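Structural overview for review
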Amino acid sequence: MTFPSPMTDVPSRRFKEASDAARKALEQLIANAQEAGWGTEEITVAFAEAANFLKDAHRKEPDPAGNSSISGAAKEQIGHGELYD
């Protein structure tokens with residue numbers, strides 16, 4: 001799946017575009033998870049927890065490319081062998 005690029009520079013419209021794109025991506029991920037045997041409630045809670053973890057990690061280290069602090073802080077695996085899905 002590819003994520004669409006923003007179509008505007010207006011912050012309120014960018015937020016709406018990002019929210020719509022994220023919702024569409026999550027709907028697809030939830031459908032894939034359901035096909036794999038996960039329940040809707042458990043997988044949506046897991047996605048929310050993973051998103052909060054990544055948000056907190058980003059606040060601590062906004063540019064992790066040159067620093068391993070996020071991977072060092074990660075205590076749990078998010079996906080099927082990948083640290084970040």
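Located above this text is the structure these notes cover.
Residues numbered from 1 in each chain as written. Predicted model: local features only at pLDDT ≥ 70, side-chain atom pairs only at ≥ 80, totals over all residues. Heavy atoms only, no water.

**Some details on the overall build of the protein chain**
Helix and strand counts for the protein chain stand at three helices and zero strands. Shown N-terminal to C-terminal, the secondary structure of the protein chain runs as helices and strands in the order α-α-α. Residue burial in the protein chain is summarised as follows: out of 85 residues, 14% are buried. Considering only contacts in the protein chain between residues 6 or more positions apart, those separated by 24 or more positions represent 15%. Carbon and sulfur atoms form 56% of the exposed surface of the protein chain, whose accessible area is close to 6900 Å². (Helix = DSSP H or I, 4+ residues; strand = E, 2+ residues; numbered from the N terminus. Buried < 20%, exposed > 50% of the residue type's maximum accessible area, 1.4 Å probe, protein only. Contact = heavy atoms within 4.5 Å. Areas by Shrake-Rupley, 256 points an atom, 1.4 Å probe, with all protein chains shown as cover.)

**Overview of helix α2 (residues 40-60)**
Taking 1.5 Å as the rise per residue, α2 with 21 residues should run 30 Å; its terminal C-alpha atoms sit 30 Å apart, in good agreement. Within α2, the full set of buried residues consists of Ile43, Ala50 and Ala57. Projected down its long axis, α2 shows its buried positions confined to an angular sector of 50°, all on one face. Turned more than 90 degrees from where α2 packs its buried face, Glu41, Glu49 and Arg59 sit exposed. (Expected span 1.5 Å × (residues − 1). Arc of directions from axis to C-beta.)

**Let's talk about the pattern of salt bridges**
Tallied over the full model, the rule gives three salt bridges. Residue lysine 16 pairs with aspartate 20 through a salt bridge whose shortest N-O separation is 3.0 Å. Pair noted here: lysine 16 and aspartate 20 are both in helix α1 (residues 11-35), with a separation of four residues, about one helical turn. Arginine 23 is paired through a salt bridge with aspartate 20; the nearest N and O atoms lie 3.4 Å apart. Here the residue arginine 23 and the residue aspartate 20 both occupy positions in helix α1, the gap between them amounting to three residues, near one helical turn. Of the residues examined, arginine 23 reaches a relative accessible area of 48% and is grouped as partly exposed. (Salt bridge = Lys/Arg side-chain N within 4 Å of Asp/Glu carboxyl O.)

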